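A look at the structure
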Amino acid sequence: MALDDGLPSRKELRFAVNGKLVVVRDADPRASLGDFLRDNLLLRGLKMPCRQGGCGACTVVISSPRSSDGVLLRHRPVNSCLRTLCSVDGMLVTTVEGIGSCKGGLHRVQQALVKHNGSQCGFCTPGWVMNMYGLLLETPNPLPQQVEDQLDGNLCRCTGYRPILDAFQSLACSSGDGCSAGDIEEVPTCKNLASLRQDDELEISKGGVTWFRVSSLTSLYKVLRSNAVHDVQLVCGNTSSGVYPRQFKSVVVDISCIDEMRRVSIDSRGIRLGGAASLSDMEAVLNSKKEVSSSYRSLLQHVKRIATHQVRNMGTVAGNLMMTYQNLGFVSDVAVLLFAAEAILTIALSDAVRKDLTIEDFFKLPSVDEIVIVEIFLPLLPESVRFLTYKVALRRVNSHALLNAAFRFDVNSSKGLIQSAPVIVYGGVGHFPVRAKNAEAFLWGKSFTDPQVCDSALEILQKEIVMDPSYGNTSYRTSLVAAYFYKAILSLWPKDRVPSTLQSSISEFSWPITSGTKSFDKGDPSQYPVSKPLPKLSAMSQASGELKYVNDFNFGNELYATYVISTVGNAKIKSIDPARALAENGVVTFISAATLAGAGYNNKVNEFEEVFATSDILYCGQAVGLVVAKSKRVADYAATLVDVQYMDIKKPIITIEDAVSANSFFHNKDRELEFQQGSVTEAFSDSEAILIEGQVSVGNQYHFHLETQQAVCVPSEDGFIEVYSSTQNPSKVQSCVSAGLNRPQHKITVSVKRIGGAYGAKINRSLLIAMACAFAADLLKRPVRLVLDLSTNMQLVGGRSPYFCKYKISARKNGQITGVKMDIINNHGAHFDFEYPTGSTLPNFIDGAYKIPNWDLKTKIARTNTPACTYMRGPVFVETTTMIETALDHVAFTLGLARDQVREINMYEKGDVSLNGQRLNYCNAKLVFDAIKESSNYLIRSKQVDEYNSSNLWRKRGISIVPVKFIAEWHGLQHLALINVHPDGSISIHHSGCEMGQGLDVKVAQVAAMTLGSLQVDVSMEDIAVHTTTTTVANNVAESGGSVASELCAKAVHDGCTQLVDRLRGVKTMLVSGSKSCSWKDLISAAVSSGVDLQARGRVYPAAAEDGPSQYTSFGAGVTEVEVDILTGETFVIRADVLLDCGKSLNPAVDIGQVQGAFIQGLGYFLTEEFHYDPSTGKLLTDGTWEYKPPFARDIPYEFNTALLPNSENPSGFLRSKFSGEPPYGTACSALLAVSQALAAARSQWNGGNGWSPLSSPATPQNVALAAEFPLSSVSFRELFSMNK
Ligand SMILES: Cc1cc2nc3c(=O)[nH]c(=O)nc-3n(C[C@H](O)[C@H](O)[C@H](O)COP(=O)(O)OP(=O)(O)OC[C@H]3O[C@@H](n4cnc5c(N)ncnc54)[C@H](O)[C@@H]3O)c2cc1C
Ligand code: FES
Ligand code: FES
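Residues numbered from 1 in each chain as written. Chains lettered and ligands numbered in written order. Predicted model: local features only at pLDDT ≥ 70, side-chain atom pairs only at ≥ 80, totals over all residues. Heavy atoms only, no water.

**A few points about the overall build of the protein chain**
- The helix and strand inventory of the protein chain stands at 40 helices and 45 strands.
- The C-alpha radius of gyration computed for the protein chain amounts to 31 Å, which stays within 12% of the reference 33 Å derived for 1285 residues, consistent with globular compactness.
- Buried residues in the protein chain amount to 65% of all 1285 residues.
- Considering only residue pairs separated by 6 or more positions, the protein chain has 77% of its internal contacts joining residues 24 or more positions apart.
- Summed over its atoms, the accessible surface of the protein chain is roughly 44,100 Å², and 50% of this surface lies on carbon and sulfur atoms.
- Of the charged side chains in the protein chain, 122 are positive and 128 negative, and the gap between their average positions amounts to 1 Å. (Helix = DSSP H or I, 4+ residues; strand = E, 2+ residues; numbered from the N terminus. Rg over C-alpha atoms; globule rule 2.2 N^0.38 Å. Buried < 20%, exposed > 50% of the residue type's maximum accessible area, 1.4 Å probe, protein only. Contact = heavy atoms within 4.5 Å. Areas by Shrake-Rupley, 256 points an atom, 1.4 Å probe, with all protein chains shown as cover. Lys, Arg positive; Asp, Glu negative; His and termini not counted. Charge placed at Lys NZ, Arg CZ, Asp CG, Glu CD.)

**A word on the side chain of Arg1194**
- Inspection of the secondary structure puts Arg1194 in the loop between helix H36 (1148-1167) and strand S45 (1199-1204).
- Taking relative accessible area as the criterion, Arg1194 reaches 8% and is therefore assigned buried.
- A polar atom in the side chain of Arg1194 sits 2.4 Å from the side chain of Asp149.
- Not counting the four nearest positions on each side in its chain, Arg1194 is found in contact with Gln145, Glu148, Asp149, Arg396, Val397, Trp511 and Pro512. (Polar contact = N/O pair within 3.5 Å; in protein donor to acceptor, adjacent residues only side chain to side chain.)

**Notes on the UniProt feature "binding site: [2Fe-2S] cluster 2" (unreviewed entry) in the protein chain**
- The sites that carry the UniProt feature "binding site: [2Fe-2S] cluster 2" (unreviewed entry) are, in the present numbering, Cys121, Cys124, Cys156 and Cys158. Taking the farthest pair of C-alpha atoms as the criterion, the annotated set spanning 38 residues converges on one region, since that pair is 9.4 Å apart.
- Summarising the element assignment, Cys156 is placed in the loop between helix H4 (144-150) and helix H5 (162-169).
- Apart from the residues lying within four places of it in its own chain, the contact partners of Cys156 are Cys124, Trp128, Tyr161 and Ile164.
- Note on placement: Cys158 falls in the loop between H4 and H5.
- Relative accessible area serves as the criterion here: at 4%, Cys158 is assigned to the buried category.
- Ignoring anything within four residues of it in the chain, the contact list for Cys158 reads Gln120, Cys121, Tyr759, Gly1153 and Gly1157. (UniProt positions renumbered as here; feature names shortened; annotations may be inferred.)

**Let's talk about the sheet that holds strand S37 (residues 955-968)**
- Pairing in this open sheet of 5 strands is mixed, and the strands run S20-S45-S44-S43-S37 from one edge to the other. The two strands at the open ends of the sheet, each matched to only one other strand, are strand S20 (518-519) and S37.
- Pairing geometry for strand S43 (residues 1112-1125) and strand S44 (residues 1131-1140), over 9 bridges, is antiparallel. Along S44, the bridge assignment pairs Gly1118 with Val1138.
- Relative to the sheet, helix H32 (residues 938-950) contacts S37, S43 and S44, its axis offset from that of S37 by approximately 145 degrees. (Pairing = 2+ DSSP bridges. Axes fitted to C-alpha atoms, helices over the stretch in contact; angles between N-to-C directions.)

**Quick word on the pairing of strand S14 (residues 372-379)**
- By the criterion of burial, S14 is predominantly enclosed, with 7 of the 8 residues buried.
- The pairing of strand S11 (residues 270-274) with S14 spans 5 bridges and is antiparallel. The residue of S14 that forms the bridge with Arg272 is Phe377.
- In this structure, strand S12 (residues 344-348) lies alongside S14, joined through 5 bridges in antiparallel fashion. In the sheet register, Ile344 faces S14, and the bridge partner there is Phe377.

**Regarding the pairing of strand S9 (residues 251-254)**
- Covered by surrounding structure in S9 are Val251 and Val253 together with Val252 and Asp254, the residues of both alternating faces.
- Alignment of strand S7 (residues 209-213) against S9, held across 4 bridges, turns out to be parallel. Pairing of Thr210 across the sheet is with Val251, part of S9.
- Of the pairings in the sheet, the one linking strand S8 (residues 232-235) to S9 comprises 4 bridges and is parallel in character. Each bridged residue has a counterpart across the sheet, and for Val232 the counterpart in S9 is Val251.

**Regarding the sheet that holds strand S13 (residues 354-358)**
- An order of S10-S11-S14-S12-S13 is seen for the 5 strands of this open sheet, with the pairing classed as antiparallel. Because the sheet does not close on itself, it has two edges, and the strands there are strand S10 (264-266) and S13. Sheet twist, expressed as the average angle between the axes of neighbouring strands with direction ignored, equals 20 degrees.

**Observations concerning the site of ligand 1**
- Contacts to ligand 1 come from 39 residues, most closely from Leu234, Cys236, Thr239, Ser240 and Thr316.
- For ligand 1, an oxygen atom lies 3.0 Å from a polar atom in the side chain of Asn320.
- Those elements that provide at least two residues to the shell around ligand 1 are S8, helix H12 (317-326), helix H13 (333-340) and S14.
- When grouped by side-chain class, the residues that make up the shell around ligand 1 number 20 nonpolar, 15 polar and 4 charged. (Near = heavy atom within 4 Å. Nonpolar A, V, L, I, M, F, W, Y, C, P; charged D, E, K, R; others polar.)

**Description of the UniProt feature "binding site: FAD" (unreviewed entry) in the protein chain**
- Mapped onto the present numbering, the UniProt feature "binding site: FAD" (unreviewed entry) falls at Lys391.
- Positionally, Lys391 belongs in strand S15 (residues 385-393).
- Ignoring any residue separated from it by four or fewer positions in sequence, one finds Lys391 in contact with His302, Arg305, Ile306, Asp333, Ser399, His400, Ala401, Leu403, Asn404, Tyr484 and Glu1130.

**Things to note about the packing of helix H2 (residues 108-115) against H5**
- Axis separation between H2 and H5 bottoms out at 8 Å; the angle between their running directions is 135 degrees. Taken as axis vectors, H2 and H5 run oblique relative to one another. Crossing handedness for the pair H2 and H5: right-handed. On H5, the residues touching Val109, Ala112 and Leu113 of H2 are Ile164, Ala167 and Phe168.
- Looking at the contact of H2 with H5 residue by residue, the class counts come to 6 nonpolar, no polar and no charged. (Parallel < 35°, antiparallel > 145°, perpendicular 65-115°, else oblique. Left-handed = near helix turned anticlockwise from the far one by under 90°.)

**Section: the environment of Asn663**
- Examined against the element boundaries, Asn663 turns out to sit in the loop between helix H23 (656-662) and strand S27 (665-666).
- With 446 residues separating them in the primary sequence, Asn663 and Pro1109 have C-alpha atoms 35 Å apart.

**Some points on the packing of H2 against helix H3 (residues 125-138)**
- The interhelical angle for the contact between H2 and H3, taken along N-to-C directions, is 130 degrees, at an axis separation of 9 Å. Comparing their axes, H3 and H2 come out oblique. Where H2 crosses over H3, the two elements pack in a sense that is right-handed. Facing Arg108, Val109, Gln110 and Leu113 of H2, the residues of H3 in contact are Thr125, Val129, Met132, Tyr133 and Leu136.
- Residues of the contact of H2 with H3, tallied by class, amount to 6 nonpolar, 2 polar and 1 charged.

**Some remarks on the state of the cysteines**
- Evaluation of the coordinates by the stated rule reveals 0 disulfides.
- Of all cysteine sulfurs in the structure, the one in Cys257 sits closest to Cys86, which takes part in no disulfide; the separation is 12 Å.
- Residue Cys86 is classed as buried on the basis of its relative accessible area of 0%. (Disulfide = S-S within 2.5 Å.)

**So, the nonpolar core**
- Counting 243 residues, the largest nonpolar core has Phe168, Phe407, Phe409, Tyr426 and Phe485 as its most contacted members.
- Top element by residues in this core is helix H17 (residues 474-492). It accounts for 12 residues.
- In this structure, Phe485 is in contact with Phe407, Ile424, Tyr426, Leu443, Cys454, Ala457, Leu458, Leu461 and Phe1277, ignoring residues within four places of it in sequence. (Core = buried A, V, L, I, M, F, W, Y, C linked by side-chain atoms within 4.5 Å.)

**Re the side chain of Arg408**
- Inspection of the secondary structure puts Arg408 in strand S16 (residues 401-412).
- For Arg408, a relative accessible area of 11% corresponds to the buried category.
- Once you skip the residues sitting within four places of it in the chain, Arg408 turns out to touch Ala340, Ala341, Glu342, Leu381, Pro382, Val385, Arg386, Phe387, Pro422 and Val423.

**With respect to the packing of aromatic side chains**
- On inspection of all chains with the given rule, the structure shows 34 aromatic pairs.
- Site record: aromatic cluster; members linked through ring pairs are Phe845, Phe877, Phe966, Trp970, Tyr1112 and Phe1219.
- Here the basic side chain of Arg800 rests over the ring of Tyr1165, its NZ or CZ set 4.9 Å away from the ring centre.
- The ring of Tyr1225 has Arg800 sitting right over it, with the charged end atom 4.8 Å from the ring centre. (Phe/Tyr/Trp six-rings, centres within 6.5 Å; stacked < 30°, edge-to-face > 60°. Lys NZ or Arg CZ within 6 Å of the ring centre and 35° of its normal.)

**Brief notes about the pattern of salt bridges**
- Under the counting rule described, the total for this entry stands at 68 salt bridges.
- For Arg765, the salt bridge is made with Asp833, and the minimal N-O distance between the two is 2.8 Å. Residue Arg765 is found in helix H26 (residues 761-780), and its partner Asp833 is found in the loop between strand S35 (817-829) and helix H28 (842-845); the two are separated by 68 residues along the sequence.
- With a relative accessible area of 0%, Asp833 lands in the buried category.
- Salt bridges here are not isolated pairs; linked through shared partners, they connect Lys487, Arg955, Arg957, Glu1123 and Asp1125. (Salt bridge = Lys/Arg side-chain N within 4 Å of Asp/Glu carboxyl O.)

**Some remarks on unusual backbone geometry**
- Following Tyr528, the chain continues into Pro529 via a peptide bond in cis, with omega recorded as 5 degrees.
- For Pro529, the location among the structural elements is in the loop between S20 and helix H19 (539-544).
- Phi is positive for Arg1216, which is not a glycine, with a value near 65 degrees.
- Residue placement: Arg1216 occurs in the loop between S45 and helix H37 (1223-1227).

And the structure:
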C-alpha cells in the first residue's frame, strides 16, 4: 500500500544494534524492544522486572538523527520494556553489551561502578550503566548536578544508591576541572548508517495487528479512513502502557515521525511543541532561554518530577493529555501545568481541518476518537506574572501526584494587588483538573497581603474544589488545597515582607548534590586478602551485563508457564473452565489441583499451603492454576482467558483491626508467645513508678527483589529433573519438589548460580514456584520456565508482617525503665509460612539494646485473607525495634528527658544477660552509641534542631538516635564446601550458600586464598573460581538467610582448605626447606606428582554457644535528621549516620555496602512503602511500580555517612568477624522517630505540652499530615498570620 501519494510503505524493519545493521522481515508489532533484544538477539544484559517503566533495569540508549542531514545524532536512554520494536526503525540502539566487556575492556561508566562497589545482586546494574552512558553521549562533561538529575529512573533495592552516586559523580566534572577531551564518548554508529531512515512509511503486520508508521497527517488520515472498520489506535511514545497495560488493537498508527508534529520552537510569543514532542523536549526548550526558564522555573522543576528521564525521553506532552482524557484515576501533572499556563492546543479533526482549543475545552470534547493533537502552544509570561506549581507524591521522583496544583498570578508587587484574572488549577481532585473560577474571580483586583481577602478566597476555594473520594483520602487532599493556596499567596509577597518564621514554608526546593562518607579499618595484613575491601568476584561481569540469572539461560525446546491467580480473597472455587485458554494457538495445557489429583502432591510445600487451590480461596492472588504455552506472550494472554467462578464469597479480612472484629486468629502455641520475666505487676505498683501507655503499628513491606520469583525445570531421562531456581534454600526446594512429585531426592537436582535480590523472600516462598514449575515440566516432559511478572509476584507472595503493639511501661523519674508490658498482634496472612517464626523470636529483639528487669509479653497471630507473610530482612527485629524505641521516646517526652539519656541509662553493659538469656560477654552497645553520638555531632545538632523549630512555623526538624542489638543464630545450621585444586594450580570452590549480592562468593574466595596462602605460597584471588551452588555437591544444608550464610560458608571453606594445607605441608617441605617460599603452581605440580588428594570437603555444623542461645551479638546505631513540611506532610531526610560493629570485617567494602543498602531499605519501610487492598475483593492495589514506592536515589539522605566500628573484635565469630546484612536495617527506625519529633514540635506549637504521640509506620506524607492534627482546612489566614506574631 502507498500511504502517501509517494513511495509504497516499507514492510521490514531496519535499525542498528550495537553498530550492526538488523533487518527484521516478520516483526511482531506487539513486541517490545526489550523482548526482541533479549529473545531474538540474545542480548540478555538488560532485564525486565516490571515492564512498567518503573525500575529502569531495561534501559538502553537509542540514537536518532537530530537534524535532517542525518549526521548529528541525539542519544536518549529509554525503557526498552515500553519502547515497541517497530518504533526503533531507522535508529541506532545501544545495549550494555555494546559499550564494554570483561574481555575487551570495560567502559569507564562500568569501571566506575566496579571501583565504587556500585552493585550487589547486579540485576539493576546494566540499567544504571546505560542511563549514565546516555548522559555522557549527550553531555560528555556533565556537572555533578546533571549527574544527580539524570539518575531519577533506576531502582536499586540492594546498594542504597550511595555507591552508585559516588561512582557516577566520579565521572562528573566539577566546574570544568579534570575534564579532558579524552573523556569524549565514541558516538554509536553503524556502517550502514545511510540506509537507516525514519522519513519513509512503514506497514508491519503480524498476529492480527498492523503497525503503520506515517510521516504526514495526510497519510495518517488515509490510514484512518481505509481502516475505518477496524479498531484503530494512535501511538507516540507508548509509555502510557507502563501505567495502563495495553492489548494492541488491530491497527496501530505510529505518529511519532510526522514531521510537523516533531517540531519544537520558541519565539517572542511562546513555545510551540509539536504533538510528538517529548516531555524531555519540553524540558530542553524551557531551559533554552534564561527569561523562559526563570519565569517558568516552578513549571520546569515540576516537569523534572514527572516520571523519569527514560520515560520523559519517549513520553509526549500530547500523549499525557490524551491519557488524562481517556483514563479515570490518572492524575496528570502535564494537564494541570498546561491548564494553568493557558496553553492552546491545535487539534486536527481531519487532514484538512484544524481547531485551536484551551485545555478546558479539550477536556469538554465529547470524544477524542480520530483527533490528533498537532501542536501545543505555551505562551510566554509577562514579567509581572508569577507561575507557581505544587505536587505531593509518595516519592520525590517517578511518583504520581496525590494532589497537584498550579497558580498563575499577574501581580502588581508594589501595590500588593492581583492585577488581572488569576488562574488556579488543582489536579487529583477528580477525573479532570479543576479550575477554581469563583476564587479566581474573587481575587482579581484584590490585595494578596490582606488576610481577610485571603480568607474569603480560601473559603470560596474550599467550597468549589469538591473531592472525588475515589482519588484518595478526602480530608488529606482537602488540607492540601489550603496548603498549596497558602504557600502560593505567601510566595507572592516580597521576600523581605514574609515573616522569617514563614520563609521556610515557601522556600523553593532544589535538588541538592548528595554526598556521604564511609569509613572502616584498613584491615590486617597478616590475614590478607581477608579484611581487604575487595570488589565482588562478579562485579565486572555485572557491570558489563554478562552475568546470567535464571531467566538468562536457554535450555532449548522450552515451554512457558503463567499463573492464573484468584480474583477474590475469601471464597470457594465453584468451577474452573480453561476452554478458551486451551483454544488459543500455542497453548499446550492448563494445570490445576485437579490435574495433580493423580499425578503429584499438591500440598507438600508445607502442611498449610496448596500449590494450587483445590477449593478454598484464602486470599486474592492465590494460585489457581498454570497455563503452559509455546511462548510467554501466549501463556500470559491465555491465563487471562481461564474462567474461574467462585461461590460462598465473603468480605475479606485484611487488616489486624478486621481480624480483631472478626475474632480471626491462629491458635498455635508454638508460634504465639506468653512470656514473663521478673514481675511487671510489682514494677507497675512501685510508688516511684511513672506509668506510660501507648500503642504503635508497623506496616507491610514488599521485598522488591528486582529478579522476581522464578524457576526453570528441565526433565531428563529416568525421571530426573534439574531445577534452576532463584531460591535462597536449594535443599528445601529439592525436598519439596521430591515430595510433590513423589520421587526420590536423588533424582532432583537444584542449582542456584546467583539470585537477583531476595531479602528473605526466596527462603520459603520460592518453594511454591519451583514446585508448580516442576509439576508442569514433569507432566509435559519438556523444560518449563515460570517467571512471575511483578504484579503476580506481589499478589501471590507475602511480604513483611504488619504488627500492632499496645504497651505499658513503668519508669523512674531519671528515665530508668523498670517494667514493660506489651500486647502484640501480628498479621500473618492466610496461613503460616513454612517455619517462619512469629512470637517465639520476640525475646531475641524486643528488648532492643536495653536492660529492663521486668517483662510481660503476649502475642496473638491474626489470620487474614492476605498472602502468608514471610521472612524479610531483619524479620521481627525491625518491627520490635520500632516498638521498644517508640516506647522509649514516649518515656523521654513524658518525663521531659533527653532521648539519648533515656537510652544511655537503660543500655546493656558487658556481662548483662539479655532478655533471650544471652550473656553479653562482649557488649559494644555503649561504645557504638557514644561513637556515633560524637561522630554525628548529635548533641550540637539536637540544639540546632530545637532552634530551627522555634524559628520556623511550618517546617519542623527532628533528629533521632537509635541503638540496635542483633543476634547471630547459627546453632545447627549445616554448611558445606567442596574445594578442588586443579593441576594448573587453579582452585574451584563449591559451597552451599546462595550468592544474592551479599558478597558471599568474594568472602569465601578471600578465606580460601588466605588459608591456602598460609603455606607461604602466592595464592591469588585470580586463582579461585566459585561455582554454582548445587544439591549434588551440597545437600541437606541450611538456607542462606539470617545474615550468617557468608560466615558459615567461609568457615566451611576454611575447614576444607585447612585439610589441603595439612596435606600439602609435607610436599612443600620436600620442595623447599623451612619457611622459604615456593610458587603455588610449583607446589601443586609437585603434589600432583606425589599423588596428593587435591580435593577437600569442608563442613560446619555449629554447636550451641556456651553463653546463650546465640553465637554472638552485634550492635549498631543510627542518627537521622529530617525536615518535615507540616503543611503537606512531606519528609526530607537531611542527614543519616550509621555505625555498625562488624567485628574484624572479612571484607569491609562488602560490609559497608550492606550497611548502606539495609538502611535505605529501612527508610522505604518507615517512610514510603505502603500496601493498599480493595476492601471488597481483597486485591492488592499496590501491586506494581505505579503505586508501590521503594526509595529512589532522590530519596536518600542528602548526607549519608556510614562506618564500621574501628578496632572491633569478635572472639565468637569466624575470624573475629560479624555479619552486616540485617542490623543496620533497624537503625533506619531513627528516621521515623525523627519525623515523630518534628511533629511533636509542630503540635506543641498549637496545642501546648510536649506535643508527642507515637507515630505508626510508614510515615507517608498523608499519614504525617494527618498525624500533625492541624486542621488547616478550618483555619483562617488571619489566624495563620497572627500565629507568627
Ligand atoms: C513510569 C511512569 C511514570 C509516570 N509518571 C508521571 C507523572 O509523575 N506525572 C504525569 O503527569 N505523568 C506521568 N506518567 C505518564 C507519562 O507522562 C505518559 O505516559 C506520557 O506522557 C504519554 O505519552 P506517550 O507519547 O508515550 O503516549 P502514548 O502511550 O503513545 O499514547 C497515549 C495515548 O495518547 C494518544 N496520543 C498520543 N499522542 C497523541 C497525539 N499527538 N494526538 C492524539 N492522540 C495522541 C494515544 O493514541 C494513546 O491513546 C508516567 C508514565 C510512566 C510510564
Ligand atoms: S522493566 Fe522496564 S522499567 Fe522496569
Ligand atoms: S544491585 Fe541493584 S537491585 Fe541488586
